[in-house]
Amino acid sequence: MEFIEVVKGRRAVRKFKDKKIPKEHLLKILEAGIWAPSGSNIQPWEFILITQESTIEKIKLISPGLFGKPAALITCCINKKRVEKGGRAGENTALMDVSMAAQNMMLMAYSLGIGSCPIVSFNKTALKELLNIPEDVEPVLVISLGYPEFWPKPPKRKPLEEVVHVEEYGKHLEG
C-alpha cells in the first residue's frame, strides 16, 4: 500500500469483530509510536497496552467515547518528569509528541488491517487508579484497536485551495 493510501484510508473505527490481534502486530503498532518526532528528543510518552477483556470493560465504564468491543487499547500518557526538560514549551510540545506517536500507531494499525479510534473522553482520575498510573504520568489519549466490522467511508475534506495560504495568510493556493 502506498503511504498516501494509508493516510487517506485510516478511519475512526468503532465496531469491531470478535477477533484477537496477534502480539507481533501490537508490538509493530507500539514501535511505530516510539518512532514519532519528539521535540528535543525528550520522548515524553508512556504507553499502556491493555488486552484483557475485563480491564477493557472497566475502562468502557469510565470512557463515554469508547464504543464497540475493541480487542486492545493503548493508553497514551505524558511523563511529566521528562516534560520538565523541555522548559516552558515542554507541556505543549509533549502533547504534540504524543499526538504524533498516536497517529503513527493508528497508521501502522491500518496498514495491518486493524481499525483504530482515538478517544479523549474518559475520566482521567478513574483511569489512573484503574491502571495504577503514577502521579507524575498523565493519560491524555486512549486508542481502541480491533478488526473492523466495516471500514467507514471517508468524510469530505476541504480542498487545498481553501486551506493553504502561499507566502502569507489570505493568498490562497491556486488550483
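Residues numbered from 1 in each chain as written. Predicted model: local features only at pLDDT ≥ 70, side-chain atom pairs only at ≥ 80, totals over all residues. Heavy atoms only, no water.

## What about the overall build of the protein chain?
Of regular secondary structure, the protein chain possesses 7 helices and 4 strands. Reading the protein chain from its N terminus to its C terminus gives the helix and strand order α-α-β-α-β-α-α-β-α-β-α. Projected onto its principal axes, the C-alpha coordinates of the protein chain cover approximately 55 × 45 × 30 Å. Residues classed as buried in the protein chain amount to 39% of the 175 residues present. Restricting to contacts in the protein chain with at least 6 residues of sequence separation, those with at least 24 account for 75%. Here the protein chain displays about 10900 Å² of accessible surface, and carbon together with sulfur accounts for 54% of that area. (Helix = DSSP H or I, 4+ residues; strand = E, 2+ residues; numbered from the N terminus. Buried < 20%, exposed > 50% of the residue type's maximum accessible area, 1.4 Å probe, protein only. Contact = heavy atoms within 4.5 Å. Areas by Shrake-Rupley, 256 points an atom, 1.4 Å probe, with all protein chains shown as cover.)

## Considerations on the packing of aromatic side chains
Under the definition given, this model contains 2 aromatic pairs. Judged by centre distance (6.3 Å) and plane angle (15 degrees), the rings of W45 and F47 are stacked. Here W45 falls in the buried class, since its relative accessible area comes to 6%. Ring geometry for Y110 against W151: centres 4.9 Å apart, planes inclined by 80 degrees, an arrangement best described as edge-to-face. (Phe/Tyr/Trp six-rings, centres within 6.5 Å; stacked < 30°, edge-to-face > 60°.)

## Here we look at the packing of helix 2 (residues 23-34) against helix 5 (residues 90-111)
For the pair helix 2 and helix 5, interaxial distance at closest approach is 7 Å and the crossing angle is 145 degrees. Seen from above, helix 2 lies across helix 5 with right-handed handedness. Facing helix 2, whose interface residues are K28, I29, L30, A32 and G33, helix 5 presents A101, N104, M105, M108 and A109. Taken together, the residues of the contact of helix 2 with helix 5 break down into 7 nonpolar, 2 polar and 1 charged. (Axes fitted to C-alpha atoms, helices over the stretch in contact; angles between N-to-C directions. Left-handed = near helix turned anticlockwise from the far one by under 90°. Nonpolar A, V, L, I, M, F, W, Y, C, P; charged D, E, K, R; others polar.)

## Examining the sheet that holds strand 1 (residues 45-50)
Judged by pairing direction, the sheet is antiparallel, and its 4 strands sit side by side in the order 1-2-4-3 without closing on themselves. Each edge of the open sheet is held by one strand with a lone partner, namely strand 1 and strand 3 (115-119). On average, each strand axis in the sheet is tilted by 25 degrees relative to the strand beside it, whichever way the strands run. As defined by bridge partners, strand 2 (residues 72-79) adjoins strand 4 (residues 137-146) across 8 bridges and the pair is classed as antiparallel. Bridge assignment links I74 to a residue of strand 4, and that residue is I143. Here helix 2 sits on the sheet in contact with strand 1, strand 2 and strand 4, set at roughly 165 degrees to strand 1. (Pairing = 2+ DSSP bridges.)

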